[in-house]
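What follows is the residue order along each chain.
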Amino acid sequence: MSNMYLPIGSVVELHNGSKKLMVIGIDMTDTNTNQTYDYCGVYYPEGFYDANNVFLFNNQDIAAVVHPGYDDQERRDFLERLASIKAGGEDSNVDYEFE
C-alpha cells in the first residue's frame, strides 16, 4: 500500500490491461476477501455502468498514467487526514462534512 495516491479522475493503463481505467476511489477494501487496494476504477471513457465493472488495483499494477486527475489543497488535506487515521492518530469512524 502506498502513501501516495493519484487524484480521483486520473486515467491509467494497467500492466496487461486491455482498456484504460479512471480512478473513482482510493484505499478500497474488497469486502469478500478483506484485502485493501490502493484504487478502484471504472472503464474509461464509459464510466460506471454497473457494479460488475468496478476494478480494484494497486500502484504497482499501473503501467502508465494517461491523465492525472484534479489536485487541490482540499484533496491534500484529505490525504493527510486519511494518513493520520490509518496511522491510528484519529478515530476511523469520522463523519466527513461536505459544504
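For the structure itself, look to the data block above.
Residues numbered from 1 in each chain as written. Predicted model: local features only at pLDDT ≥ 70, side-chain atom pairs only at ≥ 80, totals over all residues. Heavy atoms only, no water.

S.K.: Can you walk me through the side chain of Asn58 in this structure?
M.R.: Tracing the backbone shows Asn58 in the loop between strand 4 (54-57) and strand 5 (62-67). Of the residues examined, Asn58 reaches a relative accessible area of 12% and is grouped as buried. Side-chain polar atoms of Asn58 contact the backbone nitrogen of Asp38, separated by 2.9 Å. In contact with Asn58, not counting residues within four places along its chain, are Thr36, Tyr37, Asp38 and Tyr39. (Helix = DSSP H or I, 4+ residues; strand = E, 2+ residues; numbered from the N terminus. Buried < 20%, exposed > 50% of the residue type's maximum accessible area, 1.4 Å probe, protein only. Polar contact = N/O pair within 3.5 Å; in protein donor to acceptor, adjacent residues only side chain to side chain. Contact = heavy atoms within 4.5 Å.)

S.K.: Explanation requested: the environment of Leu79 in the structure shown.
M.R.: Counting through the fold element by element, Leu79 comes out in helix 1 (residues 73-86). A sequence separation of 53 residues divides Leu79 from Ile26, and the C-alpha atoms of the two residues are 9.9 Å apart. Ignoring sequence-local partners within four residues, the contact set of Leu79 consists of Tyr5 and Ile26.

S.K.: Would you mind going over helix 1 with me for this structure?
M.R.: Each turn of an α-helix holds 3.6 residues, which means side chains three or four residues apart point in the same direction. Taking 1.5 Å as the rise per residue, helix 1 with 14 residues should run 20 Å; its terminal C-alpha atoms sit 20 Å apart, in good agreement. Within helix 1, burial applies to Arg75, Leu79, Leu82 and Ile85. Angularly, the buried residues of helix 1 cover 120° about the axis, an arc narrow enough to put them on a single face. At its buried positions, helix 1 is contacted by strand 2 (21-29). Where helix 1 begins, the side chain of Asp72 points an oxygen toward the backbone nitrogen of Glu74, at a separation of 3.2 Å. Count one or two residues on from helix 1 and you reach Gly88, which has phi positive near 90°. (Expected span 1.5 Å × (residues − 1). Arc of directions from axis to C-beta.)

S.K.: For this particular structure, what's the right way to read the pairing of strand 3 (residues 36-43)?
M.R.: Along strand 3, six of the eight residues are buried, which leaves the element largely enclosed by surrounding structure. Across seven bridges, strand 2 lies against strand 3 in antiparallel orientation. Bridge pairing in strand 3 links Val23 to Gly41. Where strand 2 folds back on strand 3, the antiparallel hairpin that results is connected by six residues, among which Asn34 adopts a positive phi of roughly 65°. (Pairing = 2+ DSSP bridges.)

Structural measurements only, silent on function.
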